[in-house]
Amino acid sequence: MSENNGLAWGNILIIVASGVLFGLGLSISEMVNPTRVLGFLNVLGPWDPTLAFVMAGALTVAVPGFQYAKLMHKPFLAVSFSVPTKKDLDGKLISGAVIFGVGWGLAGICPGPSLVALNTLQVNVVVFVVAMLAGIIAHDRIFSKD
Amino acid sequence: MTEFSFINAFAGGICIGFATVLMFLGNGRITGISGIIGGLMKPEKGQTSWRLIFVLSLITGGALFPWIWGRDLAVDVSSPWYIYVIAGLLVGYGTRNGSGCTSGHGICGMARFSPRSLVATVTFIIAAALTHTLVRLVTG
């Protein structure tokens, strides 16, 4: 993926494979089901450990992968790595995480699973996704334009 | 369904991990879903096509799941509709304000050993657990 945005076939193959694998992973691990997520957040019990093992499985692969990237000068099919540049632990990070956490705790749905769950064509999933898009627009276009 | 399956959880997690590593080592991009959706809502030049292809592929992964895994995609969203309105608004707003969600901070950021992502992940898990617990105590 070059800076002037040309997507070669190799880049497209990677995007498709990554997306499909991500969607399959969320489905196989049942993270797409709010019941599983809320079971993990249910700290007073009964507790469902699924989410912890999903994170463990993901990090088992992701930690070596992302650490290996630090040894590379550039990605295999792009000119450079795009990583967040912010370093400070500011109030915006914390308040955003708290707001997200409250929403996540209410419904048991986060952004990735919400999109995968659209496959079930349930009204409440669509309601969540539309509200989420409204929340994103509210933040990016109204309250914080930076 | 409520029975915990270590194999499903770990195998699914490994798939997700591979997905993020593939995107990063191949294309140099962070697989943060809230960032990808946010980017589509407020398009930046040259950043729309990969995000759109990714979102469509992500949804396709869920559509292929029943054929590959031989099990229906179970999604229990039986709370009242307004819960999903409130939760969706908070998730959308919060993930943008906090620069990421479970995928961007929880997996990619943690794997990069980013202090910001570690703090964000611990914070949103605690906030979510407190919220869910409070709701359960209030509603019984």
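The rules we used
Residue positions are given per chain, counted from 1 along the sequence in the order it is written. All chains are assigned letters beginning at A, and all ligands numbers beginning at 1, according to the order in which they are written. In keeping with the predicted nature of the model, local features appear solely for residues at pLDDT of at least 70, side-chain atom pairs appear and are counted solely at 80 or more, and the whole-chain, interface and lining totals rest on all residues. Numbering of helices and strands starts at the N terminus; helices are DSSP runs of H or I of at least 4 residues and strands are runs of E of at least 2. Put plainly, a residue is buried at 20 or more neighbouring C-beta atoms within 10 Å of its own, exposed at 12 or fewer, and partly exposed in between, counting only other residues' C-beta atoms, which are placed from the backbone. What counts as a contact is two residues whose backbone-derived C-beta atoms lie within 7 Å of each other. Note that the domain bounds were set by an automatic or database domain assignment. Residues are grouped as follows: Ala, Val, Leu, Ile, Met, Phe, Trp, Tyr, Cys and Pro are nonpolar; Asp, Glu, Lys and Arg are charged; all remaining types, including Gly, are polar. Here pLDDT means the predictor's own confidence in every residue, given as a number from 0 to 100. One nonpolar core equals one set of buried Ala, Val, Leu, Ile, Met, Phe, Trp, Tyr and Cys residues connected by C-beta atoms within 7 Å. Lines fitted to C-alpha atoms define the axes here, with helix axes fitted over just the stretch in contact, and angles between the N-to-C directions of these axes take values from 0 to 180 degrees. Orientation categories follow fixed angle ranges, with anything under 35 degrees roughly parallel, anything over 145 roughly antiparallel, 65 to 115 roughly perpendicular, and all other angles oblique. Here a crossing is called left-handed whenever its near helix is offset anticlockwise from the far helix by less than a right angle, and right-handed whenever the offset is clockwise.

*Asks:* Would you mind going over the overall build of chain A with me for this structure?
*Replies:* Scanning chain A for helices and strands turns up six helices and zero strands. Each helix and strand of chain A, ordered N terminal to C terminal, gives the series α-α-α-α-α-α. Across its three principal directions, the C-alpha atoms of chain A cover 45 × 35 × 35 Å. Considering chain A as a whole, with its 146 residues, one finds that 51% of them fall into the buried category. A separation of at least 24 residues holds for 40% of the contacts in chain A among residues at least 6 apart in sequence.

*Asks:* Explain the overall build of chain B here, please?
*Replies:* Broken down by element type, chain B carries six helices and zero strands. The order of α-helices and β-strands along chain B, N terminus first, is α-α-α-α-α-α. In terms of overall dimensions, chain B has C-alpha extents of about 50 × 40 × 30 Å along its principal axes. Looking at chain B as a whole, 55% of its 140 residues qualify as buried. Taking as baseline every contact in chain B between residues at least 6 positions apart, the subset at least 24 positions apart corresponds to 41%.

*Asks:* Any chance you could explain unusual backbone geometry here in plain terms?
*Replies:* A negative phi angle is the norm for most residues apart from glycine, just as the trans form is the norm for most peptide bonds. In this model, A:Gly45 is joined to A:Pro46 through a cis peptide bond whose omega is -5°. Look at A:Glu30: it is not a glycine, yet its phi comes out positive at around 65°. Among the structural elements, A:Glu30 can be located in the loop between α1 (9-28) and α2 (34-41). Overall, A:Glu30 belongs to the buried group, with 27 C-beta atoms counted inside 10 Å. For B:Ser99, which is not a glycine, the phi torsion comes out positive at approximately 60°. In this fold, B:Ser99 is placed in the loop between α4 (81-97) and α5 (104-111).

*Asks:* Please clarify how α5(B) should be interpreted in this entry.
*Replies:* Residue pairs three or four apart in sequence face the same way in an α-helix, which turns once every 3.6 residues. Extensive coverage of α5(B) is indicated by the burial of eight of its eight residues. Taken together, the buried positions of α5(B) are occupied by B:Gly104, B:His105, B:Gly106, B:Ile107, B:Cys108, B:Gly109, B:Met110 and B:Ala111. On its buried face, α5(B) is in contact with α3 (50-69) of chain A together with α1 (6-27), α2 (33-41) and α6 (115-139) of chain B. Remark: B:Phe113 follows α5(B) within two positions and exhibits a positive phi of approximately 60°.

*Asks:* I'm lost on the domain arrangement of chain A in this one. Help?
*Replies:* Size of an interface, as often reported, equals the accessible area lost when the parts are brought together. Residues and elements named next belong to chain A. Each domain of chain A was delimited in the assignment, giving domain 1 (1-83) and domain 2 (86-146). On a C-alpha basis, the centres of domain 1 and domain 2 stand 18 Å from each other. Counting residues at the interface gives ten residues for domain 1 and eight residues for domain 2. Elements with a minimum of two residues in the side of domain 1 that touches domain 2: α1 and α2. Looking at side-chain class alone, the side of domain 1 that touches domain 2 contains eight nonpolar, two polar and no charged residues.

*Asks:* Teacher, can you tell me more about the interface of chain A and chain B here?
*Replies:* Across the boundary between the two partners, chain A contributes 106 residues, which contact 99 residues of chain B. Every element with two or more residues in the side of chain A that touches chain B is listed here: α1, α2, α3, α4 (91-107), α5 (111-117) and α6 (123-143) of chain A. For the side of chain A that touches chain B, the class distribution of residues is 69 nonpolar, 31 polar and six charged.

*Asks:* Got a minute to help me understand the environment of A:Asn119 in this structure?
*Replies:* Positionally, A:Asn119 belongs in the loop between α5 and α6. If near-sequence neighbours (up to four positions away) are discounted, A:Asn119 is found in contact with B:Ile59, B:Gly62, B:Ala63 and B:Leu73.

*Asks:* Is there a simple way to explain the environment of A:Val20 in this structure?
*Replies:* Residue position: A:Val20 is located in helix α1. Not counting the four nearest positions on each side in its chain, A:Val20 is found in contact with B:Ser57, B:Thr60, B:Gly61 and B:Leu64.

*Asks:* Even after reading the chapter, I still don't get the confidence of the model for chain B, so can you show me in this structure?
*Replies:* Low pLDDT marks stretches whose predicted atomic positions should not be read closely. Summing up the model confidence of chain B, the mean pLDDT is 95 and the portion of residues at 70 or higher is 99%. Confidence metrics for the complex model read pTM 0.95 and ipTM 0.96.

*Asks:* How should the nonpolar core be read in this particular structure?
*Replies:* What tends to happen in soluble globular proteins is that the nonpolar side chains get buried as a cluster. A:Ala62 and A:Phe128 are the most contacted members of the largest nonpolar core, which totals 79 residues. The residue makeup of this core includes at least three contributed by each of domain 1 (1-83) and domain 2 (86-146) of chain A. Each residue touching A:Ala62, except ones within four places of it in the same chain, is listed here: B:Gly17, B:Thr20, B:Val21, B:Ile107, B:Cys108 and B:Ala111.

*Asks:* I would appreciate a short explanation of the packing of α6(A) against α2(B) in the present structure.
*Replies:* The geometry of a pair of packed helices is captured by two quantities: the angle between their axes and the separation between those axes. Closest axis-to-axis distance for the α6(A)/α2(B) pair is 10 Å, and the angle between their directions is 70°. The pairing of α6(A) with α2(B) is recorded here as roughly perpendicular in orientation. In this structure, the crossing between α6(A) and α2(B) has a hand that is right-handed. Mapping the contact onto sequence places A:Leu133, A:Ile136, A:Ile137 and A:Asp140 in α6(A) and B:Ile37, B:Gly38 and B:Met41 in α2(B).

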